[in-house]
Amino acid sequence: MSAKQSSANVTFSKPGASANKSGYIWVAPLGTAIPTDATTELNAAFVGLGYLSEDGLTEPASLTAGDDIVAAGGDTVAQADPTFSKKWTGTCIEALNEDLLKVAYGSDNVTVTNATGTNNGVITVKEQAGNLEHHVIVIDEMLKGGRKRRNVMADATFLITGDITHVHTALVNFEFTINAYPTATQPAQTQYITIPKE
């Protein structure tokens, strides 16, 4: 426990990086075994959503104050328990990332035909109504001093929530919201933060 304030406890956040992977957001099919620490390499089921805009990620407030309970006469005598929700927001800028397109539009709505020696490949995206896919989502962060933070969501959705602008002066991008939900055995999100060796 810290007895004094310390600059060692302030930090920035950068996209996670390892020998084989880089980026903030990693997505796997619902039911994939979730990581239980901040350093173990993610298994092959996880795909990366690539670069985010320079604004990075925003983690909105998780708790919303409950309603005031007012007695006859106008006195506030109590406050209801707060409500909890876990969200992340940001902007993906790799608009040609096949894995991002599958997560954004639904894996059944995106098909990829690879290029051959004689023919160009093609990505086909079908935009239509359907059930929202649920995933395992991990957000990996590099912190100051080489420390790492991993945010693990065992059941989460990824939804495009902003307009997609097509113009020659700016990148095509996807503003998104991630919503996480508790499961029978896991909270909505678990954080793992490394502590350096003495």
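Computed from a predicted model, the values in this text were never measured in an experiment. (Residues numbered from 1 in each chain as written. Predicted model: local features only at pLDDT ≥ 70, side-chain atom pairs only at ≥ 80, totals over all residues. Heavy atoms only, no water.)

As for the packing of aromatic side chains
Here's step 1: Counted according to the given criterion, the structure contains two aromatic pairs.
Here's step 2: Each ring, one from Y105 and one from F174, has its centre 6.2 Å from the other, and the planes form 85°; the classification is edge-to-face. Linking Y105 in helix α1 (residues 98-105) with F174 in strand β14 (residues 174-180), this pair joins segments that are 69 residues apart in sequence.
Here's step 3: Measuring from centroid to centroid gives 4.9 Å for F158 and F176, while their planes differ by 20°, and the two rings are stacked. With a gap of 18 residues between them, F158 in strand β13 (residues 148-160) and F176 in strand β14 connect regions that are remote in the sequence. (Phe/Tyr/Trp six-rings, centres within 6.5 Å; stacked < 30°, edge-to-face > 60°. Helix = DSSP H or I, 4+ residues; strand = E, 2+ residues; numbered from the N terminus.)

Remarks on the pattern of salt bridges
Here's step 1: A complete count under the given rule lists four salt bridges for this structure.
Here's step 2: Here D140 ties to R150 by a salt bridge, and the two come within 2.7 Å at their closest N and O atoms. Of the two residues, D140 is situated in strand β12 (residues 135-142) and R150 in strand β13; the sequence distance between them amounts to 10 residues. R150 shares its class with D140; the two are buried. (Salt bridge = Lys/Arg side-chain N within 4 Å of Asp/Glu carboxyl O. Buried < 20%, exposed > 50% of the residue type's maximum accessible area, 1.4 Å probe, protein only.)

Description of the layout of surface pockets
Picture a little ball the size of a water molecule; that probe, rolled over the atoms, points out where space is still empty.
Here's step 1: In this structure, the largest pocket spans a volume of roughly 390 Å³.
Here's step 2: As for the largest pocket, its lining consists of 19 residues, of which A104, Y105, G106, N109 and N131 are closest to the centre.
Here's step 3: Those elements that place two or more of their residues in the lining of the largest pocket are α1 and β13.
Here's step 4: Here the residues of the lining of the largest pocket sort into eight nonpolar, seven polar and four charged.
Here's step 5: Reported here for the second largest pocket is a volume of approximately 180 Å³.
Here's step 6: Taken together, 13 residues line the second largest pocket, and the ones lying closest to its centre are V27, P29, V103, S107 and H135. (1 Å grid on protein atoms, 1.4 Å probe; cavity = no way out; pocket = protein on both sides within 12 Å on 5 of 7 lines; lining within 4 Å. Points joined across faces, edges and corners; volume = space filled by probe spheres on them. Nonpolar A, V, L, I, M, F, W, Y, C, P; charged D, E, K, R; others polar.)

Remember, this is a structural readout, not a statement about activity or role.
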